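Below, each chain spelled out in residue letters.
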Amino acid sequence: MSSEWREENRAPHTPVMLQEVLEWLRIKPDGVYVDATLGAGGHSEAIAERLSSGTSPGHPSGRLISLDRDEQALQIAQERLTRFGSKVNCVLSPFSRIAEVVHELGIPKVDGVLADLGISSMQLDQPERGFSFRQAGPLNMRMGVSAESESSSFETSELTADEIVNRWPEKELADLLYREADEHDSRRIARAIVRARPIRDTAHLATVVAGSRAQWGRQRLHPATKTFLALRIAVNREMEELGQFLSRVPATMNPEGRCVVLTYHSREDRIVKEAFREAAKQGTLKILTKHVVRPSEEEERINPRSRSAKLRCAERVPAA
């Protein structure tokens, strides 16, 4: 990791729907919490600030476990959270391993879990990671691999965006774009990609996708947004990871513990909604947000990244 990039990313990033997250988590000073998607550390920092340090008699310390599968993001966030000392544990791990991580740390149960499913701006800001269509970079998109090293303490995806874009059959590529990102121009885009092969880098891919789509008036999103989203989801097995995470969360929480999830596109929101409904039927969770919570107009204006965010919250039901 370059020192220049490290310095640039020490500046605080704006966590999405921070006040709403804190309100729905209902943080207890002596509670134990998991930020399952650490990212730049904004949510973790705010949670840790509300936890007791346990320095006075009769007031046990609160604790925060923060997970991230991205080694670079973890290193940056650790520096941000250093001032909290042992109150915060940062762990290199995908959030699907939440139950294993909590167990390995010797924690019986936790009082709250947060998952912010949005991609980190730090990843977007690095062209070499291949997430951004605004700058030329390799067709990579793997979250769990650092830019300097492909070593990791857990298994990472061998699939890359390059493999999908330059080798998958046209029909499979089109099906992926439609299934993972609701891309209604999926057939046209897939055809254009196959004809333009080999696709050299992210900028080339973005140009090919944009050129294949009819433009109507002013576009709110870049024409390649959904294509890049679908590729990122497939490379990182995000929907599979999300399903595993949601299935394991109830068993990690104390009674009345809360799970807050922030989603940014329709498919992952549907998965969260259905998982909460199924857990409610089984009597393990109670859904607290009958309708999704959206960011305020003021937040959307200040932080455009929050515009597509949806918050859902469910509470652990005491065992009968």
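Residues numbered from 1 in each chain as written. Predicted model: local features only at pLDDT ≥ 70, side-chain atom pairs only at ≥ 80, totals over all residues. Heavy atoms only, no water.

Caption draft 1: Highlighting the overall build of the protein. A count of helices and strands for the protein gives 14 helices and seven strands. Sequence separation of at least 24 residues holds for 71% of the intrachain contacts in the protein that already meet a minimum separation of 6. With an accessible surface of roughly 15,300 Å², the protein has 49% of that area assigned to carbon and sulfur atoms. (Helix = DSSP H or I, 4+ residues; strand = E, 2+ residues; numbered from the N terminus. Contact = heavy atoms within 4.5 Å. Areas by Shrake-Rupley, 256 points an atom, 1.4 Å probe, with all protein chains shown as cover.)

Caption draft 2: Up close: the layout of surface pockets. Quantified by volume, the largest pocket comes out at close to 1,200 Å³. For the largest pocket, the lining is made up of 36 residues, of which L221, T225, Y264, R305 and S308 are closest to its centre. Going through the elements one at a time, α8 (170-181), α11 (225-235) and α13 (266-282) are the ones with two or more residues in the lining of the largest pocket. The greatest single-element share of the lining of the largest pocket, amounting to five residues, is contributed by α11. Looking at the lining of the largest pocket residue by residue, the classes come out as 12 nonpolar, 10 polar and 14 charged. (1 Å grid on protein atoms, 1.4 Å probe; cavity = no way out; pocket = protein on both sides within 12 Å on 5 of 7 lines; lining within 4 Å. Points joined across faces, edges and corners; volume = space filled by probe spheres on them. Nonpolar A, V, L, I, M, F, W, Y, C, P; charged D, E, K, R; others polar.)

Caption draft 3: Structural view of the pairing of strand β1 (residues 32-35). Taking every second residue as pointing to the same face, both faces of β1 are buried, with V32 and V34 on one and Y33 and D35 on the other. Note: β1 against strand β2 (residues 63-68), four bridges, orientation parallel. Bridge pairing in β2 links V32 to R63. Examined bridge by bridge, β1 and strand β4 (residues 110-116) share three bridges and lie parallel to one another. For Y33, the partnering residue across the bridge sits in β4 and is G112. (Buried < 20%, exposed > 50% of the residue type's maximum accessible area, 1.4 Å probe, protein only. Pairing = 2+ DSSP bridges.)

Caption draft 4: Here's a closer look at the packing of helix α12 (residues 238-252) against α13. For the pair α12 and α13, interaxial distance at closest approach is 10 Å and the crossing angle is 20°. One way to sum up the angle between α12 and α13 is to call them roughly parallel. Here α12 and α13 pass one another in a crossing that is right-handed. Every residue of α13 that contacts α12 at M239, L242 and L246 is listed here: R267, E268, I271, V272, A275 and F276. Grouping the constituent residues of the contact of α12 with α13 by class yields seven nonpolar, no polar and two charged. (Axes fitted to C-alpha atoms, helices over the stretch in contact; angles between N-to-C directions. Parallel < 35°, antiparallel > 145°, perpendicular 65-115°, else oblique. Left-handed = near helix turned anticlockwise from the far one by under 90°.)

Caption draft 5: Focus on helix α3 (residues 42-49). The element α3 is extensively covered by neighbouring structure, given that seven of its eight residues are classed as buried. Within α3, burial applies to G42, H43, S44, E45, A46, I47 and A48.

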